[in-house]
Amino acid sequence: MARDEGVGPMSRRSRHIKSRVMLGLTYGAAATATLPLLLILVHLLREGTKYIGVDFFTQMPKPIGEAGGGMANAIVGTLLLISVASAIGLPIGIGAGLFLAERRGSLFATVVRFLSDVLNGLPSIVMGIFAWEFLVRPLGHFSAVAGGIALGAMMIPLVTRTTEEMIRLVPVSLREAALALGYTRWRTSLTIVLRTALPGIVTGALVAVARIAGETAPLLFTALGNQFWSTSLGEPIAALPLQIFTYAISPYDTAHGQAWAGALVLILVVLVISLLARFATRSRFQASSD
Amino acid sequence: MTNPQTLTVRHDDAAAARTTQPDAGPLLATRRLNAYFGNMRAVRNVTVAFPDREVSAVIGPSGCGKSTFLRCLNRMHETVPMAAVEGDALLDGVSIYKGDMSAIEVRRQIGMVFQRPTPFPTMSIRDNVVAGLRILGRDGPSRKEADQIVEDSLGRAGLWTEVKDRLRESAVALSGGQQQRLCIARALATHPRVLLLDEPTASLDPGSTQTIEELLYELRKTICVVIVTHNMQQAARVSDRTTFMLAGEVVESAPTRIMFTNPRDSRTEAYVTGRFG
């Protein structure tokens with residue numbers, strides 16, 4: 001205290017002011033960080049809601065320039081593409097992440113980790129071109145499965161790295177406890193380590209799904225888009241981002257409105273997936289003890 | 001407790017010690033056991049025996065290799081990268097390293113409890129107890145048998161009355177001392193012949209420590225217990241025999257009473273009287 005007094009009341013006040021200013025700046029930064037999302041949501045709700053009705057979910061798109069219609073095919077198409085992408089990206093990503101965490105020091109793991117980071121930073125349009133070159137061109141036509149594979153390939157590095165990080169957070173002591181009970185290595189990895197890391201892995205998987213759900217570029221060369229109803233994996237398929245893109249660049253106001261509505265639905269789809277998965281992981285403990 | 005000479009098996013044949021009394025013979029014994037981390041030899045030529053139905057303590061200053069030694073007794077040491085083991089350990093006269101027993105089989109017969117409680121956080125209290133039985137698959141116990149095992153194991157670990165009404169709740173909701181007793185119950189559920197404890201009370205409060213020490217006293221009636229501790233008072237309180245290790249070597253191994261009152265080696269005397277370590 002005596003020393004504080006010696007420095008003088010002025011400096012103490014200036015420290016308080018500095019503290020206030022810095023605190024204010026961080027408050028400002030925190031508020032600004034959430035601002036884009038708030039603005040987007042407010043704008044989407046204002047522009048999009050008037051086009052969202054039962055029709056939007058059940059009707060097919062009307063020809064460009066004609067009012068009414070919906071995006072039923074694009075909503076189903078996006079869900080289908082996400083399913084295909086998840087079927088590819090989740091098992092491969094989680095398996096690779098488990099491998100990287102278990103064999104973290106090996107040369108192969110180091111190479112895989114590096115390449116996976118490179119793949120993570122790959123522009124999505126390049127992924128689209130890649131899928132076009134190796135899937136669309138040899139097969140001779142655009143297809144939903146090509147789009148799903150392109151999106152799945154984008155998910156792999158995301159899921160791999162989050163899985164690895166989450167598994168590394170599981171204490172070694174837990175792994176040793178399982179081994180000491182006579183668990184084999186693989187059983188320890190699957191039933192103890194992976195299971196303990198599961199909530200984190202699910203969150204990582206959700207981030208990956210949310211990321212690819214809105215991807216447009218990889219779909220331009222692969223799924224292509226479709227004005228008609230299709231659930232066939234071998235045919236071109238509609239997707240919300242593609243539909244939004246098509247409508248947004250058209251000159252008609254009604255189409256623009258539909259694009260806003262599509263964007264709102266896209267965000268809601270991502271939100272619903274997140275909430276469902278959260279709910280699923282939370283209730284798992286009660287389920288497992290039954 | 002007969003003649004200290006026959007029970008001190010440091011430089012003598014483990015088989016000779018076994019002939020004294022079938023019941024008091026060593027259930028677990030090591031022969032010139034060495035453990036390595038890469039080029040570092042952490043355990044040096046340890047030959048020591050642990051009788052059945054007794055609590056054996058292993059004491060020594062930090063870094064003397066006592067935990068590493070303990071981890072060699074159920075083949076946990078080899079799970080660490082760069083680790084290696086030389087020499088042998090015998091369970092009831094059968095080699096756990098050179099015989100037909102797999103590491104998995106060894107660990108099922110020689111259970112282990114660690115310094116920090118390690119309940120599986122995704123499992124209920126009940127599921128934690130039967131976790132070691134799960135891996136038996138179809139050969140495992142039926143639901144009814146499992147219920148009995150849960151009650152027996154938690155009973156032996158002195159936890160049954162505290163948790164019997166909340167077996168389906170999460171294990172991490174328990175206190176630290178309860179979690180450690182749950183880990184002991186989990187280790188007992190597979191009916192091991194030996195229980196290894198690696199500083200089991202180091203992270204617990206005095207009350208929980210006392211509970212676990214009383215528990216060890218009960219466990220000695222049915223099982224061979226080896227406890228590593230750096231708390232000499234604990235070794236003196238709970239153990240029948242004490243082994244003193246220094247720099248990876250066994251300095252002395254004798255009945256606890258003798259170790260703490262009339263040790264043969266001057267280094268043991270210096271350690272137990274608190275002059276170093």
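Asker: Explain the overall build of chain A to me, using residue names and the numbers behind them.
Answerer: In terms of helices and strands, chain A carries 13 helices and zero strands. In sequence order, the secondary structure elements of chain A are arranged as α-α-α-α-α-α-α-α-α-α-α-α-α. For 290 residues, the compact-globule estimate of 2.2 N^0.38 gives 19 Å, and the C-alpha radius of gyration of chain A, at 25 Å, exceeds that figure by more than 25%. For chain A, the C-alpha atoms occupy an extent of roughly 80 × 60 × 45 Å along the three principal directions. In chain A, which comprises 290 residues, the share counted as buried stands at 38%.

Asker: Tell me about unusual backbone geometry, residues and numbers included.
Answerer: Residue and element names in this part refer to chain B. Located in the positive-phi region is R53, a residue other than glycine, with phi close to 55°. The backbone of R75 shows a phi angle near 60°, a positive value even though the residue is not glycine. Within the secondary structure, R75 sits in the loop between α3 (66-72) and β5 (83-91). Classification of R75 by C-beta neighbours within 10 Å gives buried; the count is 22.

Asker: Residues and numbers for the interface of chain A and chain B, please.
Answerer: The partner chain B presents 25 residues to the 17 residues of chain A that form the contact. For the side of chain A that touches chain B, the secondary-structure elements that each account for two or more residues are α8 (172-180), α9 (185-213) and α13 (284-288) of chain A. Among the elements that take part in the side of chain A that touches chain B, α8 of chain A stands out by supplying six residues, more than any other. Considered class by class, the residues forming the side of chain A that touches chain B number eight nonpolar, six polar and three charged.

Asker: Go over the sheet that holds strand β4 (residues 55-59) of chain B, please, and point to the residues and values.
Answerer: All names here are of chain B. With respect to topology, six strands assemble into an open sheet ordered β7-β8-β9-β4-β10-β11, the strand pairing being mixed. Across the chains shown, the open sheet's two edge strands, defined by having one partner strand only, are β7 (110-113) and β11 (249-255). On average, each strand axis in the sheet is inclined to that of its neighbour by 15°, with strand direction left out of account. In terms of strand pairing, β7 meets strand β8 (residues 194-198) through four bridges, oriented parallel. Bridge pairing links M112 to L196 in β8.

Asker: Report on the packing of helix α4 (residues 72-102) of chain A against helix α7 (residues 144-168) of chain A, specifying residues and quantitative values.
Answerer: All names here are of chain A. Remark: α4 packs on α7, axes separated minimally by 6 Å, with the N-to-C direction vectors making an angle of 30°. Viewed along their axes, α4 and α7 form a crossing whose handedness is right-handed. In the contact of α4 with α7, the residues fall into 20 nonpolar, eight polar and three charged.

Asker: For the pairing of strand β9 (residues 224-228) of chain B, give the residues involved together with the corresponding values.
Answerer: Residues and elements named next belong to chain B. Within β9, five of the five residues are buried, which leaves it mostly tucked inside the rest of the structure. Residues of β9 alternate between two faces, with C224, V226 and V228 on one and V225 and I227 on the opposite face, all of them buried. In this sheet, β9 lies alongside β4 in parallel orientation, the contact comprising four bridges. Directly across from V55, in β9, lies its bridge partner V225.

Criteria and thresholds
- Residues numbered from 1 in each chain as written.
- Chains lettered and ligands numbered in written order.
- Predicted model: local features only at pLDDT ≥ 70, side-chain atom pairs only at ≥ 80, totals over all residues.
- Helix = DSSP H or I, 4+ residues; strand = E, 2+ residues; numbered from the N terminus.
- Rg over C-alpha atoms; globule rule 2.2 N^0.38 Å.
- Buried ≥ 20, exposed ≤ 12 C-beta atoms within 10 Å, placed from the backbone.
- Contact = placed C-beta atoms within 7 Å.
- Nonpolar A, V, L, I, M, F, W, Y, C, P; charged D, E, K, R; others polar.
- Pairing = 2+ DSSP bridges.
- Axes fitted to C-alpha atoms, helices over the stretch in contact; angles between N-to-C directions.
- Left-handed = near helix turned anticlockwise from the far one by under 90°.

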